[in-house]
Amino acid sequence: MREGAEGAGRLQRQPFRRLNLTDSAFSGIIGQQRAIEILWTILARNKVPHALLFTGIDGIGKGTTALAFGAALNCTGERPPCGRCRSCKKIEAGSHPDIHRVTPAKTGIKVDQIRDLCGSLSMKPYEARTRVVIMEDGQTMNPEAANAFLKVLEEPPDRTVMILTALQTTDLLPTVVSRCQQVRFRPIPERVLERYLHEKKGFSEKAAMVSALLAGGSVGRAIGEKDSLRMERRGWLLSELTSLSNRPLPVLFSLAERLSKEKSDLDEVFAIIRMWLRDLLICRYNPNRIKNRDWGREVRNAAKGFSQTRLLSDMAAVNQAQKEIIANANPRMVLEGLLLQLAGCGSFPRASGKAPG
Ligand SMILES: [Zn+2]
């Protein structure tokens, strides 16, 4: 990329999207066309900022893209990162001496890690044209570490690019954010993710569909969800949802108790319920757009029993229930209230408007 200044003009005239992510170990980056275009423009103009900030949810390729960008900066092949030159191979193998990765310890990134980094950065790069520092999950820096990192950004070492990754800018010191050029990574569209899981990751068609549905746009999460347990749980929950209105109260209460036991899975439970209600709402107008495609017949049948007003108020109840649980309300009691509403035998939130628990 940096084959001399005379190359810059030529590179500028080349079409975008040439950052080579298909032939190399970086081919796992999907659905980030916009971010890749921005990075390619930076490379093509040969104006690489001292610090970049990649933001977006977990598991959408921020770290992999940072590594690919570092490889492209140092690649000697024709289509960077070529994946074949000495530099690319070392970076892919994790053995390049000038690529520094800082990843959070158990309790986040610590000031000692930043101090170690400063020690390395005080020396010249060993062999890289451009040394690359990748700080992952910058939002986990404690204030001491963040201030130490800010000092590095204020006096950036020569021939060095810092790439900070984080969930969102609001989790970082504003003074850190203002010193970085931000590149946003978007959640990956469901259909793109589904095709990728099926074609490249060996998921069956159905597993790819369900995993993409539950992953919220994160390829990392989708791959983590390959286990059949999650598929089974979704199937179980959907079948419960189809028959809620016929269930006696004690069954609803025990269902609430069961769901409340795994607090870490509750976000997914809410996501499944929300998608179910969305499908009931949408199927009468546009059945081709339902998300639970493997449950199409059940969705169409169930939709007959609900008015639009009722479905909208059920959806509002789901959102309210999730908010209350985030605010530390008693999950079992919140879920009891929610299931009563979804079964058509109660209203949520309760008239008092107070969070239970
Ligand atoms: Zn290369």
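See above for the structure.
The notes below deal with the structure included here. Predicted model only: the values in this text are computed from it and were never measured.

With that settled, consider the packing of aromatic side chains. Enumeration according to the criterion identifies one aromatic pair in this entry. Sitting above the plane of the Trp236 ring, Arg258 keeps its charged end 3.9 Å from the centroid.

The coordination sphere of the zinc ion, as far as protein atoms go, consists of Cys75 (SG), Cys82 (SG), Cys85 (SG) and Cys88 (SG), spread over 2.2 to 2.3 Å. Coordination at the zinc ion comes from four donor atoms whose angles at the metal span 103 to 118°, giving a geometry best classed as tetrahedral.

Moving on, we come to helix H8 (residues 190-200). For H8, every residue scored as buried is listed here: Leu193, Glu194, Tyr196 and Leu197. Buried residues of H8, viewed axially, fall in a sector of 165°; they line one side. For H8, the exposed residues lying more than 90 degrees away from the buried face are Arg191 and Glu199. Just downstream of H8, Gly202 is the residue with a positive phi angle, here 75°.

Here the focus is the nonpolar core. Ile273, Leu338 and Leu342 are the most contacted members of the largest nonpolar core, which has 46 residues in total. Counting 40 residues, the second-largest nonpolar core is a separate cluster that includes Ile30, Ile60, Leu67 and Val132.

This part covers the sheet that holds strand S1 (residues 51-55). With parallel pairing, five strands are arranged side by side in an open sheet as S2-S3-S4-S1-S5. Two strands close off the open sheet at either side, each with one partner strand: strand S2 (99-102) and strand S5 (181-184). Put simply, the sheet's adjacent strands are angled 20° from each other on average, direction ignored. Note that S1 and S5 share four bridges and pair parallel.

About the criteria used
Residues numbered from 1 in each chain as written. Predicted model: local features only at pLDDT ≥ 70, side-chain atom pairs only at ≥ 80, totals over all residues. Heavy atoms only, no water. Phe/Tyr/Trp six-rings, centres within 6.5 Å; stacked < 30°, edge-to-face > 60°. Lys NZ or Arg CZ within 6 Å of the ring centre and 35° of its normal. Donors = N, O, S within 2.8 Å, 3.2 Å for Na, K, Ca; no water. Tetrahedral: all angles 85-135°; square planar, octahedral: opposite > 155°, others 65-115°. Buried < 20%, exposed > 50% of the residue type's maximum accessible area, 1.4 Å probe, protein only. Helix = DSSP H or I, 4+ residues; strand = E, 2+ residues; numbered from the N terminus. Arc of directions from axis to C-beta. Core = buried A, V, L, I, M, F, W, Y, C linked by side-chain atoms within 4.5 Å. Pairing = 2+ DSSP bridges. Axes fitted to C-alpha atoms, helices over the stretch in contact; angles between N-to-C directions.

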